[in-house]
Amino acid sequence: MKKTTTKIATIGIMSALATGLMFLEFPIFPSVGFLKYDPSDVLAILAGFIFGPVDGVIILLIKNLLFYLLKSGDIVGIAMNFAAGVSYLLPTVLIYRWRKNRVVEIIGYIVGVIVVSGVMVLLNMIVVPKYWKISFEETLKFLPWIAGFNAIKFSIDSLINGLIRKRIEKIFES
Ligand code: RBF
């Protein structure tokens, strides 16, 4: 991957693919049906590993902006999806770039899953009472499901990324 133009085009294609994948969203736990899994963050994570954290965050931004315009119209959901993607992507990618070996890569996935689960529990404690117009006490009942949702979502993404990263990287080496 030498030319900047090739890289910009690749980021554009990956953002478009991520937007398409976001349409596949489905809930994991019925009790928190507003939390939906979709595999789109995998594209941003791949770009983070192959190009760098800024490129990964750019894909998260573009896919959320496009999904907002094309389907969701719910700025809170979009902002939460973006916050979750960034909270996972930054620690995971930065740890991987610190030492590029399989053990550190796996530690990065584990740290990323723990960080995103913690950050999103905190953010949801602030957002959910306002969004659903419920009390803080009622919101507390959802917290285990919110933590579980984020842990499962980003464990799946880690697994997919871990399995396909090398193969995708090879495409860019030529
Ligand atoms: N997405 C996550 O990945 N983690 C979250 O913790 C999370 N919390 C959300 C909280 C609220 C109130 C809403 C409306 C959405 C949240 N989302 C979260 C985003 C959701 O799963 C989905 O991707 C978006 O709503 C786009 O349909």
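Up top is the structure these notes are about.
Enquirer: Any chance you could explain the overall build of the chain here in plain terms?
Expert: Check the secondary structure of the chain and you find six helices and two strands. Starting at the N terminus and walking to the C terminus, you meet the elements of the chain as α-β-β-α-α-α-α-α. Computed over its C-alpha atoms, the radius of gyration of the chain comes to 16 Å, within 12% of the 16 Å expected for a compact globule of 174 residues. Overall, the C-alpha framework of the chain stretches about 55 × 35 × 20 Å when taken along its three principal axes. Of all 174 residues assigned to the chain, the portion counted as buried reaches 44%. Expressed as a percentage of contacts within the chain between residues at least 6 apart in sequence, the contacts between residues at least 24 apart total 71%. Carbon together with sulfur atoms contributes 75% to the accessible area of the chain, which is approximately 9100 Å² in total. If the 18 positive side-chain charges of the chain are averaged to one point and the 11 negative ones to another, these points end up 7 Å apart.

Enquirer: Honestly, the site of the ligand in this entry has me stumped. Any pointers?
Expert: Taken together, 16 residues surround the ligand, and among them E25, K36, N81, N150 and K153 come closest. Interatomic distance of 2.8 Å between a side-chain N/O atom of E25 and an oxygen atom of the ligand. The side chain of N81 places a nitrogen or oxygen atom 2.9 Å from an oxygen atom of the ligand. Protein chains bury 97% of the 550 Å² of accessible surface belonging to the ligand in isolation. Listing elements by their share of the shell around the ligand, those giving two or more residues are α4 (75-98), α5 (102-131) and α6 (136-173). Looking at the shell around the ligand element by element, the count peaks at four residues for α4. Each residue belonging to the shell around the ligand can be placed in one class, and the counts come to eight nonpolar, four polar and four charged.

Enquirer: Just to check I follow, could you spell out a nonpolar patch on the surface for this structure?
Expert: A contiguous nonpolar surface patch, about 830 Å² in accessible area, is contributed by F23, V54, I58, L61, I62, L65, L66, L69 and L70. Assignment of secondary structure puts L66 in helix α3 (residues 53-72). Judged by relative accessible area, L66 falls into the partly exposed class, the value being 31%.

Conventions we followed
- Residues numbered from 1 in each chain as written.
- Predicted model: local features only at pLDDT ≥ 70, side-chain atom pairs only at ≥ 80, totals over all residues.
- Heavy atoms only, no water.
- Helix = DSSP H or I, 4+ residues; strand = E, 2+ residues; numbered from the N terminus.
- Rg over C-alpha atoms; globule rule 2.2 N^0.38 Å.
- Buried < 20%, exposed > 50% of the residue type's maximum accessible area, 1.4 Å probe, protein only.
- Contact = heavy atoms within 4.5 Å.
- Areas by Shrake-Rupley, 256 points an atom, 1.4 Å probe, with all protein chains shown as cover.
- Lys, Arg positive; Asp, Glu negative; His and termini not counted.
- Charge placed at Lys NZ, Arg CZ, Asp CG, Glu CD.
- Near = heavy atom within 4 Å.
- Polar contact = N/O pair within 3.5 Å; in protein donor to acceptor, adjacent residues only side chain to side chain.
- Nonpolar A, V, L, I, M, F, W, Y, C, P; charged D, E, K, R; others polar.
- Patch = residues over 30% accessible without salt bridge, like charges linked within 9 Å, V, L, I, M, F, W, Y side chains within 5 Å.
- Salt bridge = Lys/Arg side-chain N within 4 Å of Asp/Glu carboxyl O.

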